[in-house]
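An overview of the molecular structure
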Amino acid sequence: MESSDPSSAAVSKTQEISVPPVEGVAGGGTSYGWVDGGLQGSHLGSSVIDPTKVHSADLLHVWSMPSTANVSQQEAPRPLEHVNLLAARNERESFQIALRPKVSWASSGIAGPVQIQCTDLCSSSGGRLVVGQSITLRRVVPILGVPDALVPIDPSSPQINLLPGETTAVWVSLNVPCGQEPGLYEGEICITAVRTDSDSKADSLPKSERYQLYKELKTCLGITESRDHSSSEEMILRLSSTSTTLRRMLVLPAFQDCHENNGLGDMMDEDVMNNVAVRVKLSLTVWDFTLPLTPSLPAVFGISETVIEDRFCLEHGTKGWYDALDHHFRWLLQYRISPFFCRWGDSMRILAYTCPWPADHPKANEYYSDPRLAAYAVPYAPILSCTDAAKNSLRREVEILKTEAHWSKAYFYLWDEPLNMEQYEVIRNISNELRTYTPDVRILTTYYAGPSGSELAPSTFEAFAKVPNVLRPHTQIFCTSEWVLGTREDLVKDIIAELRPDLGEEWWTYVCMGPSDPQPNWHLGMRGTQHRAVMWRAWKEGGTGFLYWGTNCYEKAMIPSAEICFRRGLPPGDGVLFYPGEVFSSSKEPVASLRLERILSGMQDIEYLNLYSSKHGREEALALLEKTGAYLGPDRYAHDHGPVDVMRGEVYRTCRS
């Protein structure tokens, strides 16, 4: 989180986060008893607590944490401080509110429920960021004991339950629209301990009063029910009688408090609630810089169409199938990534496509022209069925797309990690076919080794670096695994030296199973800065694009609400960046992971670094990463959030004029 003065680079007080084991059980530790300091001898005693009569600060700890913190269920309380954030326009900035009960105020097995209310953020000039639109609240839910899933909190009923001896986190996101007026925006979040439904029922009306209300309401219903051929005079009499009955109900003892308060009972209840609430002051500085709609770094992420088909029981090509793909595509665009759908064939052949509809469909131009899309995959249909019909369809697809302004964003992704000369030959043959349609076709090939059975170079890495010489001119985007580099950034120079930018060749990178800790990746249980640093690394090494193989590649399931299981043989979280909403509630909206939000933050950091480069030069921007301690190398980067704020604050300070 930013310093209260955005122009000053104050180092955050956030301590290094202790990451729980990946294979864990929710709870445990302090869940077996009260071991929080300062609770012994509490003046609250052991009687049943009415949270409406006790300040919530006496019932629970509340404190804020940055978006890079993994707030475990055993997280220890910290002092509550004012939250100060900095964001550009068209940027999302997030932080967390941590909650931990001191005592129980519920009669059930939970410690008690809390209500979380956020005000709109307002500026002195009249600007406003509205709750539910620009401000969203999500509960952090553990996956395998690790905080990861961000389940939306219903704005109409923003209430969650706390468990004894466990810390719960709420993820707060502030989305700044492109046209937002710059300035300081202020508001607050109120956290209030409330009674459970069962506790409320204990204070319900006596049976005699409930029976009287029932009789009166039934009488009203009988009077107002329509009868055939009723005259207007009879209807007037009915309405008059109903009015008399309702007035009699309003003076019943059950409504006495409301009567005494002149009908302001609800308002008075809200005032009482606010008087006992813990208030978190929130300030956001929106500065006069807008992140570009089109990301500077194309980041293409795969969505498995077969996983969607299986889990949601959809038949390929039906309306439900198109609707599901469209929904996933549009949802993922908000994360500054360029989604593509994929279906895997034998030997790592891949059908990759960004738009489910053919190029001559009205939807296609809507997809390809979207300014948030930095790159798109064109389907090579013959990869699955090498028929004349498939080839004719492909030719027509290319002929239509190459006449459009967005053709410069197009690429073909044909084969994932080819391993031998036979597979390389297939790529060459397909390339020759595509080049007869248009000479400026771009083909992306991922690889982590040189082809077996070739004598490219004496060493394994040298053979890897020489791959462009084998695939030229049949690949234009050479996409290599960060795993190969290890912690040796100097090897990047050897890779780039083999490329021909004059022929339009680019170098992209990707992560998958590797690299592993301590290098940046998106595995479950890694540090938050480790997740965010994937994009810092891509920018520092000079890649011009990034690829990630899968966002929804969990184990096969046949119903939407089935438990999420990560694929065997892969590190937990690998290939899974969001979850089906049906796993957590009745909502069909996908549920983002903390890791996906941190990817967005990393993509936004790239825009900050590019802005700094445009003002001071790339070498100075590289120096900024190092001197702030945010990122020095694949095994040397910030373990807490402080340097991230320092880096962003420095960009704000030196580039805002």
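Here goes a summary of the coordinates provided. Everything numeric in this text was worked out from a predicted model, so none of it was measured.

1. A closer look at the environment of Gln604
You can see Gln604 is positioned in helix α16 (residues 594-616). Using a relative accessible area of 2% as the deciding quantity, one classes Gln604 as buried. Remark: the alpha-carbon pair of Gln604 and Glu93, spanning 511 residues in sequence, is separated by 9.5 Å. Filtering out sequence-adjacent residues up to four positions away, Gln604 remains in contact with Glu91, Arg92, Leu291 and Arg336.

2. What to know about the packing of α16 against helix α18 (residues 642-655)
Think of two packed helices as two axes; the pair is described by the angle between the axes and how far apart they sit. Running from N to C, α16 and α18 cross one another at 40°; their axes reach a closest spacing of 10 Å. Comparing the axis directions of α16 and α18 gives the class oblique. Pair α16 / α18 crosses with left-handed handedness. Across from Asp605, Tyr608, Leu609, Leu611, Tyr612, Lys615 and His616 in α16, the residues of α18 making contact are Met647, Arg648, Glu650, Val651, Thr654 and Cys655. Among the residues making up the contact of α16 with α18, the classes are represented as seven nonpolar, two polar and four charged.

3. What to know about the nonpolar core
Judged by nonpolar contacts, the single largest core of 97 residues is most densely connected at Trp287, Phe412, Trp522 and Met535. The leading source of residues in this core is α16, at nine residues. Aside from chain neighbours lying at most four places away, what touches Trp287 is Leu86, Ala87, Ala88, Arg89, Pro182, Tyr608, Leu611, Val651, Tyr652, Cys655 and Arg656. Among the nonpolar cores identified, the runner-up in size contains 36 residues, and Val62, Val83, Leu129 and Leu284 belong to it.

4. Digging into the sheet that holds strand β17 (residues 410-416)
Spatially, nine strands are ordered β15-β14-β13-β21-β20-β19-β18-β17-β16 in an open sheet, and the strand pairing comes out mixed. Strands with a single pairing partner mark the edges of an open sheet, and in this sheet they are β15 (350-353) and β16 (376-377). Relative to strand β18 (residues 443-447), β17 runs parallel, the two sharing three bridges. Among the inter-strand pairings, Tyr413 is bridged to a residue of β18, identified as Leu444.

About the cut-offs
- Residues numbered from 1 in each chain as written.
- Predicted model: local features only at pLDDT ≥ 70, side-chain atom pairs only at ≥ 80, totals over all residues.
- Heavy atoms only, no water.
- Helix = DSSP H or I, 4+ residues; strand = E, 2+ residues; numbered from the N terminus.
- Buried < 20%, exposed > 50% of the residue type's maximum accessible area, 1.4 Å probe, protein only.
- Contact = heavy atoms within 4.5 Å.
- Axes fitted to C-alpha atoms, helices over the stretch in contact; angles between N-to-C directions.
- Parallel < 35°, antiparallel > 145°, perpendicular 65-115°, else oblique.
- Left-handed = near helix turned anticlockwise from the far one by under 90°.
- Nonpolar A, V, L, I, M, F, W, Y, C, P; charged D, E, K, R; others polar.
- Core = buried A, V, L, I, M, F, W, Y, C linked by side-chain atoms within 4.5 Å.
- Pairing = 2+ DSSP bridges.

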